[in-house]
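The primary structure of each chain is shown beneath.
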Amino acid sequence: MSNQKKATTHPASLLRKLAVFTLMAFLLCRVEGVIAAVADAIDRPAIESNLGAQSVLMSVTSVGDHFITVGERGLILRSDDDGKSWRQLPSPVSVTLTGVSFFDDENVYAIGHGGIVLRTTNGGNDWKVQLNGHQLAEKLLQQAEESKDEELIRQAKLLIADGPDKPFLDLLVLGRDHLVVVGAYGFAFESIDGGQSWASWMDRIDNPFGLHLYSIRKQGERILVAGEQGFVALSMDDGQSFETIETPYEGSFFTAQLLGHDEIVLAGLRGNTLLSDDNGQHWKDIKNPVSSSIMASFVHSDGQVIMANQAGTLLGLRENRLVPLTRKRLPPLTNILEKANGSVLALSINGPVSIDVGDFK
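Residues numbered from 1 in each chain as written. Predicted model: local features only at pLDDT ≥ 70, side-chain atom pairs only at ≥ 80, totals over all residues. Heavy atoms only, no water.

Comments concerning the overall build of the chain
Reasoning step 1: Check the secondary structure of the chain and you find 5 helices and 28 strands.
Reasoning step 2: In the chain, buried positions account for 56% of the 361 residues.
Reasoning step 3: Intrachain contacts of the chain at a sequence separation of at least 6 include 48% that bridge at least 24 residues.
Reasoning step 4: Carbon and sulfur atoms form 50% of the exposed surface of the chain, whose accessible area is close to 15,400 Å². (Helix = DSSP H or I, 4+ residues; strand = E, 2+ residues; numbered from the N terminus. Buried < 20%, exposed > 50% of the residue type's maximum accessible area, 1.4 Å probe, protein only. Contact = heavy atoms within 4.5 Å. Areas by Shrake-Rupley, 256 points an atom, 1.4 Å probe, with all protein chains shown as cover.)

Structure follows, in structure tokens:
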């Protein structure tokens, strides 16, 4: 790839690589009241509410006509009738949950603020915390102490002092016990035992300033990570190594899709959307009539890429332009998913909204 920068693998552990943005995080997040509030919320079960289906929801996943969605204040909702009605599931945390993904109808993972990773093995009836910010910092300190590197130990202790304030923002479920989570300050971790232990991917991704990672996608052996300030990294070997991809836009990408064999679609801040058909060597700007941030996307079963933005509009990618697919403006959208019948379930700041497929054909 002629205009790509090869990521380097550092022999030091991930903590040395965190040195720059650890200080940034410490300065930004050292307000004791905020730290205490987050720490309290990661240990406090979500409050039962009748307003869950009218609340801010952030992510949704499905198996058949079963849906689970997550959102603010630790909300977890399930629908067993194709999204017509929702019931709240018990949640062990009150932090905002940002992502959720089925492996099968029994095994589901969710992530959120405070370094939270949740898992259920019975379809959502019981959720267990597999990781939180406190545990993550302690694991990093343990690794540092095993290395006997004083600088790494110092940085790990700074993370502990910083508090469990860093959110995970996207996840990739690769198997019943195999997942990868990414998030703020460049955090990227993998578990192959259902969350019992974690290994860092941060030494594989050349992100020295700890830019936030908003999206992770996989197709075949390609894995793409996209995030803040135009940051994009691509793996062609199933995540073993990554190359940093140069893009012509320096704003944040909140969502991405891998298409065909070599195609990549990126979208994000102010509606900026890019398309590459050669794995990021060259890029095309996609015309977008709505200059509102695109927060989510998916590939419809008919092959069309569908996107959702903060202006409450669904957009379809057609050749080199985005076309509005809905006449009626919806509330600001946070996520979207295809239903079994081909229609769309959209999440918003006011809860889920079902959109008939006829609205955008």
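Here the narrative resumes, following the displayed structure.
Quick word on the layout of surface pockets
Reasoning step 1: Each pocket or cavity is described by its volume, and for the largest pocket that value is around 1,000 Å³.
Reasoning step 2: Surrounding the largest pocket, 40 residues form its lining, S59, D170, R217, S297 and N335 being those nearest its centre.
Reasoning step 3: Only β2 (57-63), β6 (97-102), β10 (168-175), β14 (213-219), β18 (253-259), β22 (294-299) and β26 (333-338) provide two or more residues apiece to the lining of the largest pocket. (1 Å grid on protein atoms, 1.4 Å probe; cavity = no way out; pocket = protein on both sides within 12 Å on 5 of 7 lines; lining within 4 Å. Points joined across faces, edges and corners; volume = space filled by probe spheres on them.)

Side note on the pattern of salt bridges
Reasoning step 1: Overall, the coordinates contain 12 salt bridges when judged by the stated rule.
Reasoning step 2: Here E72 makes a salt bridge to R73, at a shortest N to O gap of 2.6 Å.
Reasoning step 3: Accessibility expressed as a relative area gives 23% for E72, which makes it partly exposed.
Reasoning step 4: Of the charged contacts in the structure, one is a salt bridge between R176 and D177, with a shortest N-O distance of 3.1 Å. (Salt bridge = Lys/Arg side-chain N within 4 Å of Asp/Glu carboxyl O.)

Comments concerning the pairing of β6
Reasoning step 1: Counted residue by residue, β6 has 6 buried out of 6 residues, so it is predominantly covered.
Reasoning step 2: When β6 meets strand β7 (residues 108-112), the two strands line up antiparallel, connected through 5 bridges. Paired with L97 across the strands is G112, a residue of β7.
Reasoning step 3: Taken together, β6 and the strand that follows it, β7, pair antiparallel across an intervening segment of 5 residues. (Pairing = 2+ DSSP bridges.)

Here's the deal with the sheet that holds strand β13 (residues 199-200)
Reasoning step 1: If you trace the 4 strands from one edge of the open sheet to the other, you get β10-β11-β12-β13, paired in antiparallel fashion. Either end of the sheet is taken by a strand with one partner, and the two such strands are β10 and β13.
Reasoning step 2: The sheet contact formed by β10 and strand β11 (residues 178-183) spans 6 bridges and is antiparallel. Pairing of L172 across the sheet is with V180, part of β11.

What to know about the pairing of strand β25 (residues 321-324)
Reasoning step 1: Strand direction decides the pairing type here: strand β24 (residues 314-318) and β25, joined by 4 bridges, are antiparallel. Within β25, the position partnered with L315 by the bridge is P324.
Reasoning step 2: The hairpin turn running from β24 into β25, its antiparallel successor, is 2 residues long, and E319 in that turn takes a positive phi close to 55°.

Things to note about the nonpolar core
Reasoning step 1: Ranked by internal contacts, the top residues of the largest apolar core, which has 31 residues, are V117, F168, V181 and F189.
Reasoning step 2: Sorting the residues of this core by element identifies β7, α4 (133-147), β10, β11, β12 (188-191), β14 and β15 (222-227) as the ones contributing at least two each.
Reasoning step 3: Setting aside its immediate chain neighbours within four residues, V181 contacts I111, V117, F168, D170, L171, F187, A188, F189 and W198.
Reasoning step 4: If you look at the next biggest cluster of nonpolar residues, it comprises 16 residues, including L89, V108, I116 and W127. (Core = buried A, V, L, I, M, F, W, Y, C linked by side-chain atoms within 4.5 Å.)

Quick look at the sheet that holds β24
Reasoning step 1: Taken in spatial order, the 4 strands make up an open sheet running β22-β23-β24-β25, and their pairing is antiparallel. Edge positions in the sheet fall to β22 and β25, since each of these pairs with one other strand and no more. Averaged over all pairs of adjacent strands, the angle between their axes in this sheet comes to 30°, without regard to strand direction.
Reasoning step 2: Relative to β24, strand β23 (residues 305-309) runs antiparallel, the two being bridged by 3 bridges. Bridge assignment links I306 to a residue of β24, and that residue is G316. (Axes fitted to C-alpha atoms, helices over the stretch in contact; angles between N-to-C directions.)

Remarks on the confidence of the model for the chain
Do not read the fine detail of predicted coordinates wherever pLDDT is low.
Reasoning step 1: For the chain, per-residue confidence averages 88 on the pLDDT scale, and residues scoring 70 or more make up 88% of the total.
Reasoning step 2: Within the model, the stretch residues 1-34 combines pLDDT values under 50 with 84 contacts to residues more than four positions away or in other chains. (pLDDT = per-residue confidence, 0-100.)

Considering α4
Owing to its 3.6 residues per turn, the α-helix brings residues three or four apart onto one side.
Reasoning step 1: Given a rise of 1.5 Å per residue, 15 residues ought to cover 21 Å, and the 21 Å separating the end C-alpha atoms of α4 matches this to within 8%.
Reasoning step 2: Buried within α4 are the following residues: G133, L136, A137, L140, L141 and A144. The arc that holds every buried residue of α4, seen down its axis, measures 135°, which confines them to one face. In α4, the exposed positions angled more than 90 degrees off the buried face are occupied by E138 and E146. (Expected span 1.5 Å × (residues − 1). Arc of directions from axis to C-beta.)

A closer look at empty space enclosed by the protein
Reasoning step 1: Across all of its chains, the model carries 3 cavities of 30 Å³ or more by this definition.
Reasoning step 2: Roughly 90 Å³ of internal volume is contained in the largest cavity.
Reasoning step 3: In terms of lining, the largest cavity is formed by G115, G133, L136, A137, L140, L159, G163, P164, D165, K166 and F187.
Reasoning step 4: When residues in the lining of the largest cavity are grouped by element, the largest group, 4 residues, is from α4.
Reasoning step 5: Of the residues assigned to the lining of the largest cavity, the class counts are 6 nonpolar, 3 polar and 2 charged. (Nonpolar A, V, L, I, M, F, W, Y, C, P; charged D, E, K, R; others polar.)

Quick word on unusual backbone geometry
Reasoning step 1: For D82, which is not a glycine, the phi torsion comes out positive at approximately 65°.
Reasoning step 2: Mapped onto the fold, D82 is located in the loop between β4 (76-79) and β5 (87-88).
Reasoning step 3: Although it is not a glycine, D238 sits at a positive phi angle of roughly 65°.
Reasoning step 4: Relative to the helices and strands, D238 is located in the loop between β16 (232-235) and β17 (243-245).
Reasoning step 5: Classification of D238 as partly exposed rests on a relative accessible area of 36%.

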